[in-house]
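# Commentary on secondary and tertiary structure
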Amino acid sequence: MEKLNVKELREELMGEEMKYNQLDNFMMENGYVSVEDEGATEFIKDDQNVVYKAEDTLEYEVQIFFNIIEDEGGELFTLKVTDVQKFF
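Rules and cut-offs
- Residues numbered from 1 in each chain as written.
- Predicted model: local features only at pLDDT ≥ 70, side-chain atom pairs only at ≥ 80, totals over all residues.
- Heavy atoms only, no water.
- Patch = residues over 30% accessible without salt bridge, like charges linked within 9 Å, V, L, I, M, F, W, Y side chains within 5 Å.
- Areas by Shrake-Rupley, 256 points an atom, 1.4 Å probe, with all protein chains shown as cover.
- Salt bridge = Lys/Arg side-chain N within 4 Å of Asp/Glu carboxyl O.
- Lys, Arg positive; Asp, Glu negative; His and termini not counted.
- Charge placed at Lys NZ, Arg CZ, Asp CG, Glu CD.
- Buried < 20%, exposed > 50% of the residue type's maximum accessible area, 1.4 Å probe, protein only.
- Helix = DSSP H or I, 4+ residues; strand = E, 2+ residues; numbered from the N terminus.
- Pairing = 2+ DSSP bridges.
- Polar contact = N/O pair within 3.5 Å; in protein donor to acceptor, adjacent residues only side chain to side chain.

## Comments concerning a negative patch on the surface
- There is a patch of like negative charges on the surface, built from E36, E42, D46, D47 and E75.
- For D46, a relative accessible area of 59% translates into the label exposed.

Set out below in structure tokens:
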């Protein structure tokens, strides 16, 4: 599988509405490591952004910002992607 770069991810995700787990699955399908395993979902939800590690380098590379449009409680929520940036 080829990893999508930040520009390609921005083109795919900007303005998209989806469940958080759908975003995580999309990122895994495109060369990034799931953050579900790290138990950070509540922090991600509170901060309304998530940082992903690349599968090939294990370095944090991409930060995705979003607004929560429906909170279903706990770790379940629907989001709208507002920005995708390179993580420094």
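## Details of the pairing of strand β2 (residues 49-53)
- With four of five residues buried, β2 is to be regarded as a mostly interior element.
- When β2 meets strand β3 (residues 60-71), the two strands line up antiparallel, connected through five bridges. Pairing of N49 across the sheet is with F65, part of β3.

## Quick look at the side chain of T78
- Position of T78 among the secondary structure elements: in strand β4 (residues 77-86).
- What makes T78 buried here is its relative accessible area of 11%.
- At 3.4 Å, the side chain of T78 and the side chain of K19 are in polar contact.
- Polar contacts involving the side chain of T78 include one to the side chain of E72, which spans 3.1 Å.

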